[in-house]
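Architecture and fold: a report
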2 protein chains.
Amino acid sequence: MLPISNRGSLMPESPIRKLVPLAEEARQKGLTVYHLNIGQPDIATPQAMIDAVKENISPVIEYSHSAGNESYRHKLVSYYAKHAIDIHYNDIIVTTGASEAILFSFLGCLDVGDEVIIPEPFYANYHAFAIVAGINAVYVSSSINDGFCLPAIAEIEAKISSRTKAILICNPNNPTGYLYSKEELEQLEKLVLKYNLYLFADEAYREFCYEGNHFSALQFIDTSDNVILIDSISKRYSACGLRLGAIVTRNKLVIETIMKFAQARLSPPYYAQIAAEAAIDLPDDYFTVTKAEYKKRRDLIVKRLNAMPHVFCPNPGGAFYAMAKLPIDDCDKFCAWLLKEFSYNKATVMLAPGTGFYGTPGMGMQEVRLAYVLNTDAINAAMDCLEQALKVYPGRVNS
Amino acid sequence: MLPISNRGSLMPESPIRKLVPLAEEARQKGLTVYHLNIGQPDIATPQAMIDAVKENISPVIEYSHSAGNESYRHKLVSYYAKHAIDIHYNDIIVTTGASEAILFSFLGCLDVGDEVIIPEPFYANYHAFAIVAGINAVYVSSSINDGFCLPAIAEIEAKISSRTKAILICNPNNPTGYLYSKEELEQLEKLVLKYNLYLFADEAYREFCYEGNHFSALQFIDTSDNVILIDSISKRYSACGLRLGAIVTRNKLVIETIMKFAQARLSPPYYAQIAAEAAIDLPDDYFTVTKAEYKKRRDLIVKRLNAMPHVFCPNPGGAFYAMAKLPIDDCDKFCAWLLKEFSYNKATVMLAPGTGFYGTPGMGMQEVRLAYVLNTDAINAAMDCLEQALKVYPGRVNS
């Protein structure tokens, strides 16, 4: 028998993967399953993006520039300028999703055994890419009781070791929806300058902020060399399947280094770049309309959750996720039970167990993540299910 | 100043990247530059693939299955069956180009410090992905004098250490065009069974064989657990920009392990899968026509090269590359000189220096790789340039 690699064994399974067969069985029993478990929006991809793909007349679907088409990078400069982010087109490397941007940032800035500090709960795949890169993710806990705000700087500072090379934040946050304030980012800015660290800022949900404004880490000037922006068009334009993201940094040495990783994989996908370039010309009201839709959903889901006995859901300032604390013994058991044992009005709901978003064992046991990527009727029906489920779940606890 | 990673420093620059600005300058001087340096075919992407993309009516460009669309994987089973490769659709993970397939194979099967044996000259990015994965590529030299056939098995066996986990071959070969015989593959089969090694077989050029038939490593049954097939649609359908490849193996544990890496990056690109699925239904004469075109080009370029004094080019059995030995001091200098100093009939030629395809220092100094991805008129004009250049190149040596 041939051995697989240790890192292959260490790679986490997707926290929801084990639930997928259960959802399939529920459907086969005739149940409607409301999918609040993944960030796959139901919003239509803008027609202008799809049309741009259809109108492409190149006879050969060629490799693009390894950093992405120049025309697209030039357009991205204008996109970022609208967000008060002043960059040059050579500060951008177009990537195959934010996934590749995260991996390239880890590979280019950290070596095997180096450490990156990440507030938990965190986007689960950060952990997976840390394993790929052989680096250690060090977690500092944020709390649902504080609405998942940035942990105290002293707590973050206490985690810094001689191997720490970077801090990684997701703003607005997946899975919590928390929108970091300018003051919190200023605290992080001071910290990365003090310890000469990279600040990886994943801002894939920049457009979706419902209270206050988004402040990008790239708006700082003093940390121009420290900040690596990780971006994605997946959620912005409801175009997850395209697999297109970007690394943006003013650090020339990082760009030069990451370009070598980008060249090894030749180029980002062709059609995705054509669609994304067309997206930059969308009218500004595209986001007004989309944001209003998500805000309506957020307001509904948060209200419904907090109206349930012993349920607490802080009001998320951005993205399209909410983390809720439920009166349950174990979120993994509960989410499986919802699919296997429960139904209400011939339906049930699929949620993401909170434990999958924490690195510290035992954390998030009573928490679940809900992605409000369904319309308000479906959200209401899903909340009806959850409300009934919490009344009859055998592992209910009143705390 | 923030340090980049050691692996970032170690990453090789693309061997032709440093020549790109020189090619740009040559064009600005008004010269035509014949690009024989990269494997970007001029052949049109099949219209049926482009039409499938245009006809797609899904309103949301969603994530696909992390292993690729089921419908596409089912079709791939029929594609492989035509090549006498009997597999199940669950033996396939669709990847973002062969690039990702190579990386996932390294990550899933080898740990940091493990070794993979690769015949040199080799596809330059194997070296890059070995650095990404932190593994050591160990090279065993094939020789232009033997037409780059498989090095003697005893030589390969001598390279096996306690850290050796795999042998990697590219068949037909990039950069040499060599097509491995069934006997050579049988020798490799025995070796990987004897030492319990993986055999990574990159068969991206399967369709393009001009003498004899291609024998796939997956046609062996005894090594079902050892063989990991790396595949790509880039060259097959002249669709490099789509970024779509595959890992195919009967080893269930490897599939399960690599699936976790695939899940972390969510899914392969959407439009690429639609185009690739349509490609499976292309009439068989698509390859007859394309192959005839490449064979005509190969025959021409090999004849022209061997007609030049002191030039030797073995006849490549497959792919669309030829390696030639030239009467020059240093291929890097020569390729730069062609762009900077030389012109003939207001044109010059861009070649890939042989050194970039070797891991052993000093190897390939007199060799260049030529990709016959241009039509025969352009190839003739490019060979006219090369013939003249070799007459006047200051670093000419008569050996």
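Only a predicted model underlies this, so the values are computations on that prediction, with no experimental measurement involved. (Residues numbered from 1 in each chain as written. Chains lettered and ligands numbered in written order. Predicted model: local features only at pLDDT ≥ 70, side-chain atom pairs only at ≥ 80, totals over all residues. Heavy atoms only, no water.)

**Focus: the packing of helix α11 (residues 285–306) of chain B against helix α13 (residues 376–392) of chain B**
All names here are of chain B. Across the interface, α11 lies against α13 with an axial gap of 10 Å and an inter-helix angle of 15°. With respect to α13, the element α11 is oriented roughly parallel. In this structure, α11 meets α13 at a crossing whose hand is right-handed. Counted together, Lys296, Arg297, Leu300, Ile301, Arg304 and Leu305 of α11 and Thr376, Ile379, Asn380, Met383, Asp384, Leu386 and Glu387 of α13 form the full contact between these two elements. Its residues assigned to classes, the contact of α11 with α13 shows six nonpolar, two polar and five charged. (Axes fitted to C-alpha atoms, helices over the stretch in contact; angles between N-to-C directions. Helix = DSSP H or I, 4+ residues; strand = E, 2+ residues; numbered from the N terminus. Parallel < 35°, antiparallel > 145°, perpendicular 65-115°, else oblique. Left-handed = near helix turned anticlockwise from the far one by under 90°. Contact = heavy atoms within 4.5 Å. Nonpolar A, V, L, I, M, F, W, Y, C, P; charged D, E, K, R; others polar.)

**Structural notes on helix α8 (residues 182–195) of chain B**
An α-helix turns once every 3.6 residues. As a result, residues three or four positions apart point the same way. Residue and element names in this part refer to chain B. Taking 1.5 Å of rise per residue, the 14 residues of α8 would be expected to cover 20 Å, and the 20 Å separating its terminal C-alpha atoms lies within 8% of that figure. Taken together, the buried positions of α8 are Glu184, Leu185, Leu188, Glu189, Leu191 and Val192. Mapping the buried residues of α8 onto a view down its axis gives an arc of 170°, with all of them on the same face. Seen from the buried face of α8, the exposed residues on the opposite side, beyond 90 degrees, are Lys190 and Lys194. Buried residues in α8 make contact with α7 (153–158), β5 (164–170) and β6 (198–202). Just past α8, the residue Asn196 takes up positive phi, approximately 55°. (Expected span 1.5 Å × (residues − 1). Buried < 20%, exposed > 50% of the residue type's maximum accessible area, 1.4 Å probe, protein only. Arc of directions from axis to C-beta.)

**Comments concerning the sheet that holds strand β12 (residues 367–371) of chain A**
Residue and element names in this part refer to chain A. One open sheet holds the three strands; their spatial order is β9-β12-β11, and the pairing between them is antiparallel. At either end of the open sheet lies a strand with only one pairing partner, and these are β9 (321–325) and β11 (352–353). Here β11 pairs with β12 via two bridges, running antiparallel. Looking at the pairing, Ala352 lines up with Arg369 of β12. (Pairing = 2+ DSSP bridges.)

**Examining the domain arrangement of chain A**
All names here are of chain A. Along its sequence, chain A is organised into domain 1 (6–44 + 285–392) and domain 2 (47–279). A C-alpha centroid distance of 25 Å is found between domain 1 and domain 2. For the pair domain 1 and domain 2, the summed buried surface comes to about 3,000 Å²; carbon and sulfur atoms form 65% of the total. Counting the contacts that link domain 1 with domain 2 gives one salt bridge. If you look at where domain 1 meets domain 2, you find 14 residue pairs in polar contact (both at pLDDT 80 or more). At the level of elements, α1 (6–10), α11 (285–306), β9 and β12 are the ones that each hand at least two residues to the side of domain 1 that touches domain 2. Split into classes, the residues belonging to the side of domain 1 that touches domain 2 amount to 23 nonpolar, nine polar and seven charged. (Domains from an automatic or database assignment. Buried area = accessible area lost by both parts, 1.4 Å probe. Salt bridge = Lys/Arg side-chain N within 4 Å of Asp/Glu carboxyl O. Polar contact = N/O pair within 3.5 Å; in protein donor to acceptor, adjacent residues only side chain to side chain.)

**Focus on the packing of aromatic side chains**
Tallied over the full model, the rule gives 45 aromatic pairs over all chains. Judged by centre distance (6.2 Å) and plane angle (35°), the ring pair of Phe104(A) and Phe261(A) falls under tilted. A residue pair is termed long-range when its members are at least 10 positions apart, and Phe104(A) in helix α5 (residues 97–109) and Phe261(A) in helix α9 (residues 252–264) qualify at 157 residues. Residue classification places Phe104(A) among the buried residues on the basis of a relative accessible area of 6%. Looking at Phe261(A), the relative accessible area reads 2%, which means it is buried. Summarising the aromatic geometry, the rings of Phe208(B) and Phe320(B) are spaced 6.2 Å apart at their centres and angled 40° between planes, so their arrangement reads as tilted. Remark: Phe320(B) occurs in the loop between α11 and β9 (321–325) and Phe208(B) occurs in the loop between β6 and β7 (227–232); sequence separation between them is 112 residues. Among the residues examined, Phe320(B) registers a relative accessible area of 0% and is labelled buried. Here a set of aromatic residues connected by ring pairs shows up, and it is made of Tyr205(A), Phe208(A), Tyr294(A), Phe320(A) and Tyr321(A). (Phe/Tyr/Trp six-rings, centres within 6.5 Å; stacked < 30°, edge-to-face > 60°.)

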